[in-house]
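Listed below, chain by chain, are the residues.
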Amino acid sequence: MMIHILAAAQTGGFAEDTRIYERSVDSTNLLLDYWWVGGLAVAAVAVFVSLSGKRRNVGELEARCTAAFGDVDAILAERHALIPNLVEVTKAHAGQEIQVLDRLIEAQQAALETMGYNRMTAETEVGNALNQLINVASSMPKLTSNSEFPRLREELTRIEEKVTAARRYYNTTVAEYDAARSAFVPGLIAKVSKMPRHVSFDLGDKREEVSQPQTVAFG
């Protein structure tokens, strides 16, 4: 080792023999000539991080929509479980044929047979038929004097309040999801990722009439 260093010193120095200076200059020139490669790498990382964040945000909003719809669906299942008892009590004490019972039964059957977000329209019909039945039945003294009917009506009112709250939350999540998708990049990400669209849920405009029925006169 000592011999090699001494030999280098005798021939012009270690740095000159190893061309350290020339090599450092060449490396510097190379970096200066291709500086844009580093810029592209930094830009690519920044774009990737930004897209990942947008993808995560849209995905979280879509997941919230799905979860909120599941909550609405679970409460609607409670309502469907209550309908048969309400129909039977009404039939047993109404003393006359009520056409809205047929409408309610048909609407419930259609809702139970409809899958996915198309069920929303069917559930709206169920809600309207229930509202009409309560209004009609509440005008019948024989039916309202029965202890079972007020209990069912109270239970239905409780369920309708839960449905309304869950529906409003679901519609809020859908609005936020749609707002995110309306931007170009998040919308493109949602399309490429095959994220489904969600539809607002309308169960009717007069749900409060279940708890405050109107008087219905028979012609």
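Computed from a predicted structure; not experimentally measured.

> Give a description of the overall build of the protein chain that names residues and reports values.
Helices and strands together make up the secondary structure of the protein chain, namely nine helices and zero strands. In sequence order, the secondary structure elements of the protein chain are arranged as α-α-α-α-α-α-α-α-α. Long-range pairs, those at least 24 residues apart, make up 77% of the contacts in the protein chain with a sequence separation of at least 6. Summing over all exposed atoms, the protein chain offers an accessible surface of approximately 13600 Å²; the carbon and sulfur share of this is 59%.

> Please provide a residue-by-residue account of the nonpolar core, values included.
Grouped together as the largest cluster of nonpolar side chains are 44 residues, with contacts concentrated most on Leu86, Leu104 and Tyr170. For this core, the secondary structure elements donating two or more residues are α4 (35-94), α5 (99-113), α6 (119-137) and α8 (148-182). Sorting elements by how many residues they give to this core places α4 first, with 14 residues. Among residues more than four places away in sequence, those in contact with Leu86 are Leu130, Leu133, Ile134, Phe149, Leu152 and Leu156.

> Residue-level account of a nonpolar patch on the surface, with values.
A cluster of nonpolar side chains, contributed by Val45, Phe48 and Val49, occupies part of the molecular surface with about 320 Å² of accessible area. Turning to its location among the elements, Phe48 is positioned in helix α4.

> An account of the packing of α8 against helix α9 (residues 184-192) is requested, with residue identities and associated values reported.
Orientation of α8 relative to α9, taken along the N-to-C sense of each, is 105°, at an axis distance of 5 Å. Considered as vectors, α8 and α9 are oriented roughly perpendicular to each other. Of α9, the residues touching α8 (which contributes Ala180, Arg181 and Ser182) are Phe184, Pro186, Gly187 and Ala190. Of the residues in the contact of α8 with α9, the class split is four nonpolar, two polar and one charged.

> Run through the packing of α5 against α6, naming residues and quoting values.
Contact geometry of α5 with α6 gives a least axis separation of 8 Å together with a crossing angle of 160°. Considered as vectors, α5 and α6 are oriented roughly antiparallel to each other. For α5 against α6, the interelement crossing comes out left-handed. Taken together, the residues of α6 that come into contact with α5 (itself represented by Val100, Leu101, Arg103, Leu104, Ala107, Gln108, Ala110, Ala111 and Leu112) are Arg119, Ala122, Glu123, Glu125, Val126, Asn128, Ala129, Leu130, Gln132 and Leu133. Tallied by class, the residues present in the contact of α5 with α6 amount to 12 nonpolar, three polar and four charged.

> How would you summarise the pattern of salt bridges if you had to cite specific residues and measurements?
Counted under the stated rule, the structure contains 10 salt bridges. When the shortest N-O distance is used, the salt bridge between Arg103 and Glu125 registers 2.7 Å. Highlighted residues: Arg103 in helix α5 and Glu125 in helix α6, separated in sequence by 22 residues. Take Arg103: its relative accessible area is 30%, and that puts it in the partly exposed class.

> Residues and numbers for the environment of His198, please.
Position of His198 relative to the elements: it lies in the segment after α9. Under the relative-accessibility criterion, His198 is labelled buried at 5%. Setting aside residues no more than four positions away along its own chain, His198 makes contact with Glu62, Cys65, Thr66, Tyr117, Tyr170, Val174, Tyr177 and Asp178. A polar atom in the side chain of His198 sits 2.9 Å from the side chain of Glu62.

Each value, and the rule that gives it
Residues numbered from 1 in each chain as written. Predicted model: local features only at pLDDT ≥ 70, side-chain atom pairs only at ≥ 80, totals over all residues. Heavy atoms only, no water. Helix = DSSP H or I, 4+ residues; strand = E, 2+ residues; numbered from the N terminus. Contact = heavy atoms within 4.5 Å. Areas by Shrake-Rupley, 256 points an atom, 1.4 Å probe, with all protein chains shown as cover. Core = buried A, V, L, I, M, F, W, Y, C linked by side-chain atoms within 4.5 Å. Buried < 20%, exposed > 50% of the residue type's maximum accessible area, 1.4 Å probe, protein only. Patch = residues over 30% accessible without salt bridge, like charges linked within 9 Å, V, L, I, M, F, W, Y side chains within 5 Å. Salt bridge = Lys/Arg side-chain N within 4 Å of Asp/Glu carboxyl O. Axes fitted to C-alpha atoms, helices over the stretch in contact; angles between N-to-C directions. Parallel < 35°, antiparallel > 145°, perpendicular 65-115°, else oblique. Nonpolar A, V, L, I, M, F, W, Y, C, P; charged D, E, K, R; others polar. Left-handed = near helix turned anticlockwise from the far one by under 90°. Polar contact = N/O pair within 3.5 Å; in protein donor to acceptor, adjacent residues only side chain to side chain.

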